[in-house]
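Residues per chain are reported as follows:
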Amino acid sequence: MKNKKHNPFKHRPSYAHGLQSFCFNFFRAMTYFILICAVVIFANIFFKGAKTLFLSHFPYVNVDFLTQFPETLHVFQDPMTHETRELGEVAFRHYEAQLAQQGIALSSEVHAYAGGGIFPCIVGTVLLVSGSMLIALVLGIFSAIYLSEFGKQGRLIHWIRVAIGNLAGVPSIIYGLFGFSLFVIFLKWNFSLLSGCFTLAIMVLPIIITASEESLRAVPRGFREGSLALGATRWQTIRKSVLPYALSGILTSSILGIARVAGETAPIMFTAAYLVRSELPWQGLNKMSDFFFQGVQALPYHIYVLSTKVPQNEYTERVQYGTVFVFLLAIMFIALTSVVLRIKMRNRFRW
């Protein structure tokens, strides 16, 4: 009778291996579940939103939805053609006056914010994102340069970094209340574009500073030493031998910042966003500075109001999904631009 050879590397079932296998399968199932949920949500938004934005006939894009102001929608039975029609507030009043001259009364079903378009909301969102990112990038990059290159590494710098890290986790509504107290009331900037831009900039500043500082510290020390050895000043070294190589990482932080700034509702609700405004930011100005000290409409706040303050029906749902679809496309475009710039920077500077 032959004796079976004992294999010391043969897998032997044990409680630890069973637990490890269970955890592995559980985490994998959770990951797939999250991905499936995300796919279902975005597919639903893109499918329903595309029906609002795109048309089956020329020009194939719903230009009115992108270029008009939000309006109340009137749905009525046309007494002339006996067809069900949908008209915005302005067009309905004009048509009603025409019929009144013929002695025909017109009654309609009214749906608030379900007609017109979202052009002022797009303009306000672009202004808020552009202004806040400009402020945040300037302050964030200079702060990161100080912490990484000039600051004396000690206990003070350590606690500043800890404070910045903690600020990144503060809820956005706290930043909204802070901006309302500081900019709207104390500095008397009132409910304005400037108050909203500074509030959003302060909210995203910890992300910009942290990512920019990491990018600066990732540049090899030899670059600095070589530049200093050739007689360059410290500022010249940072400007020409460090900052260009850190730009790809800084652009990464700007992508994260844009995504967060564009999607926040609470900070702009307290400081800058109007639900309805009859003029665009550059219209009706007495002086140029008035441009910065007036409120604007914004896509996140418009979506919030449509979803929570307006009765839900097929007409408001169409505007909701169309607005969210345009909002996602705008964020994707801005983020894609930053990604392309980052890739170009990374390919340009390699070491």
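Chemist: I would appreciate a short explanation of helix 11 (residues 299–308) in the present structure.
Modeler: Of all 10 residues in helix 11, seven are buried; the element is thus mostly enclosed. Every buried residue of helix 11 is accounted for by Leu-299, Pro-300, Tyr-301, His-302, Ile-303, Val-305 and Leu-306.

Chemist: I'm lost on empty space enclosed by the protein in this one. Help?
Modeler: Over the atoms rolls a probe the size of a water molecule, and in doing so it shows where empty space is left. Inspection of every chain in the model, using the stated rule, returns three cavities of 30 Å³ or more. In this structure, the largest cavity spans a volume of roughly 70 Å³. Lining the largest cavity, in full, are Ile-122, Thr-125, Val-126, Val-129, Ala-262, Leu-299, Phe-327, Ala-330, Ile-331 and Ile-334. Those elements that place two or more of their residues in the lining of the largest cavity are helix 4 (119–150) and helix 12 (314–348). When its residues are assigned to classes, the lining of the largest cavity shows nine nonpolar, one polar and no charged.

Chemist: Can you walk me through the pattern of salt bridges in this structure?
Modeler: Any two side chains of opposite charge can pair if their charged atoms end up close together. Applying the stated criterion to the full structure yields eight salt bridges. As a salt-bridge pair, Arg-161 and Glu-213 come within 2.6 Å of each other at their nearest N and O atoms. Of this pair, Arg-161 sits in helix 5 (residues 155–167) while Glu-213 sits in helix 7 (residues 193–218), and the two are 52 residues apart along the sequence. Residue Glu-213 is classed as buried on the basis of its relative accessible area, which comes to 5%.

Chemist: Honestly, the sheet that holds strand 3 (residues 109–116) in this entry has me stumped. Any pointers?
Modeler: Across a sheet, paired strands are connected by hydrogen bonds in the backbone, their directions being either parallel or antiparallel. The three strands are arranged 2-1-3 in an open sheet whose pairing can be described as antiparallel. Single-partner strands in this sheet number two, and they are strand 2 (84–88) and strand 3. Shown here is a sheet whose adjacent strand axes are inclined to one another by a mean of 35 degrees, direction ignored. Of the strands in this sheet, strand 1 (70–77) and strand 2 touch helix 3 (residues 89–101), which is tilted by about 115 degrees from strand 2.

Chemist: In this structure, what is going on with the packing of aromatic side chains? I would like to understand it.
Modeler: Between two aromatic rings, the relevant description is the distance of the centres plus the angle of the planes. This model, assessed by the stated rule, comprises 15 aromatic pairs. Centre to centre, the rings of Phe-58 and Tyr-60 are 6.3 Å apart; their planes meet at 85 degrees, and the pair counts as edge-to-face. For Phe-58, a relative accessible area of 70% gives the class exposed. With 5.2 Å between their ring centres and 10 degrees between their planes, Phe-183 and Trp-189 make a pair best called stacked. As far as burial versus exposure is concerned, Phe-183 and Trp-189 are alike and both buried. Taken together through their ring pairs, the aromatic side chains of Phe-178, Phe-183, Trp-189 and Phe-198 make up a single cluster.

Chemist: Even after reading the chapter, I still don't get the layout of surface pockets, so can you show me in this structure?
Modeler: Size it by volume and the largest pocket reaches roughly 480 Å³. In this structure, the largest pocket is lined by 20 residues; those nearest its centre are Asn-62, Asp-64, Glu-86, Gly-116 and Arg-318. Every element with two or more residues in the lining of the largest pocket is listed here: helix 1 (15–53), helix 2 (63–67), strand 1, strand 2, helix 3, strand 3 and helix 12. The residue inventory of the lining of the largest pocket, partitioned by class, reads eight nonpolar, seven polar and five charged. Its volume calculated, the second largest pocket comes out at about 300 Å³. Considering the residues around the second largest pocket, the lining is formed by 16 residues, among which Ser-148, Glu-149, Arg-221, Arg-224 and Arg-234 are closest to the centre. Contributions of two or more residues to the lining of the second largest pocket are made by helix 4, helix 7, helix 8 (221–229) and helix 9 (234–263). Class assignment of the residues belonging to the lining of the second largest pocket gives a composition of five nonpolar, three polar and eight charged.

Chemist: Whenever I open this one, the pairing of strand 2 confuses me. Can you help?
Modeler: Two faces belong to every sheet, and in a regular strand the side chains alternate between them. Pairing geometry for strand 1 and strand 2, over five bridges, is antiparallel. Note on strand 2: the bridge partner recorded for Leu-73 is Gly-88.

Chemist: Which parts of the structure should I look at to understand the state of the cysteines?
Modeler: The term disulfide refers to a covalent linkage connecting the sulfur atoms of a pair of cysteines. In the structure shown here, the tally under the stated rule is zero disulfides. With no disulfide partner, Cys-121 has as its closest neighbouring cysteine sulfur the one in Cys-197, 16 Å distant.

Chemist: How do you make sense of the nonpolar core when you look at a structure like this?
Modeler: The tendency in soluble globular proteins is for nonpolar side chains to be buried side by side. Leu-128 and Ile-268 are the most contacted members of the largest nonpolar core, which totals 50 residues. Elements represented by at least two residues in this core include exactly helix 1, strand 1, helix 4, helix 5, helix 7, helix 9, helix 11 and helix 12. With sequence-adjacent residues up to four places away left out, Leu-128 is seen in contact with Leu-193, Gly-196, Cys-197, Leu-200, Ile-268, Ala-272, Val-296 and Ala-298. In terms of nonpolar packing, the next biggest core, distinct from the first, is built from nine residues, Ala-144, Leu-216, Ile-238 and Ile-250 among them.

Chemist: Would you take a moment to explain the side chain of Asp-78 for this structure?
Modeler: Tracing the backbone shows Asp-78 in the loop between strand 1 and strand 2. Among the polar contacts made by the side chain of Asp-78, one reaches the main-chain amide nitrogen of Met-80 at a distance of 2.9 Å. Not counting chain neighbours up to four residues away, the residues in contact with Asp-78 comprise Glu-83, Arg-85 and Tyr-95.

Chemist: Any chance you could explain a nonpolar patch on the surface here in plain terms?
Modeler: On the surface, a nonpolar cluster with roughly 940 Å² of combined accessible area is contributed by Tyr-15, Leu-19, Phe-22, Phe-26, Phe-27, Met-30, Phe-33 and Ile-34. For Leu-19, the location among the structural elements is in helix 1.

Chemist: In this structure, what is going on with the environment of Asn-44? I would like to understand it.
Modeler: Examined against the element boundaries, Asn-44 turns out to sit in helix 1. Distance from Asn-44 to Arg-260, taken between C-alpha atoms, is 22 Å for residues 216 residues apart in sequence. The contacts of Asn-44, once residues within four sequence positions are left out, are Gly-49 and Tyr-321.

The rules we used
Residues numbered from 1 in each chain as written. Predicted model: local features only at pLDDT ≥ 70, side-chain atom pairs only at ≥ 80, totals over all residues. Heavy atoms only, no water. Buried < 20%, exposed > 50% of the residue type's maximum accessible area, 1.4 Å probe, protein only. Helix = DSSP H or I, 4+ residues; strand = E, 2+ residues; numbered from the N terminus. 1 Å grid on protein atoms, 1.4 Å probe; cavity = no way out; pocket = protein on both sides within 12 Å on 5 of 7 lines; lining within 4 Å. Points joined across faces, edges and corners; volume = space filled by probe spheres on them. Nonpolar A, V, L, I, M, F, W, Y, C, P; charged D, E, K, R; others polar. Salt bridge = Lys/Arg side-chain N within 4 Å of Asp/Glu carboxyl O. Pairing = 2+ DSSP bridges. Axes fitted to C-alpha atoms, helices over the stretch in contact; angles between N-to-C directions. Contact = heavy atoms within 4.5 Å. Phe/Tyr/Trp six-rings, centres within 6.5 Å; stacked < 30°, edge-to-face > 60°. Disulfide = S-S within 2.5 Å. Core = buried A, V, L, I, M, F, W, Y, C linked by side-chain atoms within 4.5 Å. Polar contact = N/O pair within 3.5 Å; in protein donor to acceptor, adjacent residues only side chain to side chain. Patch = residues over 30% accessible without salt bridge, like charges linked within 9 Å, V, L, I, M, F, W, Y side chains within 5 Å. Areas by Shrake-Rupley, 256 points an atom, 1.4 Å probe, with all protein chains shown as cover.

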